[in-house]
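Fold and contact review
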Amino acid sequence: MAILAPFDVLDPPWCAAGLRFFSHGFALRQRFGQRVQRVSIDAGFTCPNVDGTVATGGCSFCDNRSFSPSRRLYRGGNVTAQIDQGILRTQSRFRARRFLAYFQPATNTYAPVERLRPLFEEALAHPSVVGLAIGTRPDCVPPDVLDLLEDLAARTYLSVEYGMQTMHDRSLDWMNRGHHHDAFVDAVERSRGRGFEICAHVMLGLPGESHDDMLATARELARLRVDAVKIHNLYAVRNTPLADQVARGEVALMARDDYVNVLVEFLELLPPSVVVERIQGDAPPDYFIGPAWCRDKPAVRAAVLAEMQRRDTWQGKLWGVNRR
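Rules used in this analysis
Residues numbered from 1 in each chain as written. Predicted model: local features only at pLDDT ≥ 70, side-chain atom pairs only at ≥ 80, totals over all residues. Heavy atoms only, no water. Helix = DSSP H or I, 4+ residues; strand = E, 2+ residues; numbered from the N terminus. Rg over C-alpha atoms; globule rule 2.2 N^0.38 Å. Buried < 20%, exposed > 50% of the residue type's maximum accessible area, 1.4 Å probe, protein only. Contact = heavy atoms within 4.5 Å. Areas by Shrake-Rupley, 256 points an atom, 1.4 Å probe, with all protein chains shown as cover. Lys, Arg positive; Asp, Glu negative; His and termini not counted. Charge placed at Lys NZ, Arg CZ, Asp CG, Glu CD. Pairing = 2+ DSSP bridges. Right-handed = clockwise from strand over helix to strand, strands pointing away. Axes fitted to C-alpha atoms, helices over the stretch in contact; angles between N-to-C directions. pLDDT = per-residue confidence, 0-100. Salt bridge = Lys/Arg side-chain N within 4 Å of Asp/Glu carboxyl O.

Re the overall build of the chain
Each helix and strand counted, the chain has 13 helices and nine strands in total. By the compact-globule yardstick of 20 Å for 324 residues, the chain fits well, its C-alpha radius of gyration being 19 Å. Overall size of the chain, expressed as C-alpha extent along the three principal axes, is 50 × 50 × 40 Å. Split into buried and exposed, the 324 residues of the chain put 56% on the buried side. The contacts of the chain with a sequence gap of at least 6 include a subset with a gap of at least 24, amounting to 81%. Accessible surface, the chain: about 14,000 Å² in total, of which carbon and sulfur atoms supply 48%. Mean positive and mean negative side-chain charge positions of the chain (39 and 38 charges, respectively) differ by 6 Å.

Quick notes on the pairing of strand β2 (residues 98–103)
With respect to burial, β2 is a largely interior element, five of its six residues being buried. Sheet topology note: the strand β1 (residues 36–41)/β2 ladder contains six bridges and is parallel. Considered in β2, the bridge of isoleucine 41 is made with phenylalanine 103. By the bridge criterion, five bridges tie β2 to strand β3 (residues 129–136) in an arrangement that is parallel. What sits directly across from phenylalanine 103, in β3, is isoleucine 134. Between β2 and its parallel partner β3, the chain crosses via helix α6 (residues 113–124), and the hand of that crossover is right-handed.

Considerations on the sheet that holds β1
In spatial order, the strands read β1-β2-β3-β4-β5-β6-β8; together these seven strands make up an open sheet with parallel pairing. The sheet is open, and its two edges are formed by β1 and β8 (275–278), each paired on a single side. Averaged over neighbouring strand pairs, the angle between their axes works out to 25° when direction is ignored. Across six bridges, β3 lies against strand β4 (residues 157–165) in parallel orientation. In the sheet register, leucine 132 faces β4, and the bridge partner there is leucine 158. Each of β4 and β5 (197–204) is contacted by helix α9 (residues 181–191), which is oriented at about 160° to β4, the strand it contacts most.

Observations concerning unusual backbone geometry
That bond from glycine 290 to proline 291 is cis: its omega, 5°, falls within 30 degrees of zero. Positive phi, normally seen in glycine, also occurs at alanine 106, with a value near 65°. Positioned with a positive phi, arginine 225 is a non-glycine residue whose angle comes to about 55°. Residue placement: arginine 225 occurs in the loop between α10 (211–224) and β6 (228–233).

As for the confidence of the model for the chain
On average, residues of the chain score 91 in pLDDT, and 92% of them are at 70 or above. Contacts of residues 1–9 to residues separated by more than four positions or lying in other chains number 19 contacts, the stretch itself having pLDDT below 50.

As for the pattern of salt bridges
This model, assessed by the stated rule, comprises 19 salt bridges. Where arginine 194 meets aspartate 147, a salt bridge forms, and the shortest distance between an N and an O atom there is 3.0 Å. Taken as a pair, arginine 194 in the loop between α9 and β5 and aspartate 147 in helix α7 (residues 143–153) lie far apart in primary sequence, 47 residues in all. Arginine 194 sits in the buried class, given a relative accessible area of 18%.

Below is the structure:
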């Protein structure tokens, strides 16, 4: 089968804007007509692979404080106060007037609806908030929670972020995830048509995953037709099982050139309609171990765009192409 022309199926505005992929910032400007930033909220939740429901110890790479400013600062405090503080912090870097309330650390649907609804409604009541983003696990959205999310989506912009990480069950076992890929497929199928954006979190560079394994995850995302994706490299933070494995030489973290190469090919396989909300991850210096290159986000982004330009490629270039 021949490679598809850039936009045989869709003619997305991000192409006309000169972008190589459908960036989150561009998508939010399209939707809201202005810059919109996220403010992180810690609602005080835990996870079922932390509290013993499906496992203990949490994911092998995870310390919520390393990626969530709200968990470092608030640990389950008042939602409105967290939004106010988050806006103050954000406005020191960005000139935004509208915000998404991002329920970020841990599993933010891991509670009865009676507890969830007041938290989400309080965030929506803030005059500067124009929508919600809710991070959760695919095994933590029972029917009544999905009904709640559908009700919220009928009234506001809502992104539900499911931690997929990978389609490979052996990798999910390695990270002590407590569920397999079928849970993600099930959550996507039950979420579809409910009016909210379905976003998948994906990690590249997991131990034992080959280049082809990582691209298989991209093809699976394309097959499932998620609305958005967050991609980042596996990185190590202190006081985690992964940190110990790196120290013992049992796990090697991905080099930047390898990451850039596989990320570009990953993006080529995604449909042009999928919003790419993130292309890398890092952590604050107090928590971070490595790899050192991912701390320089502008340099990584520049390297990705330079490689896409060198290859004359773009998101979706190989979407739909059968590759043997």
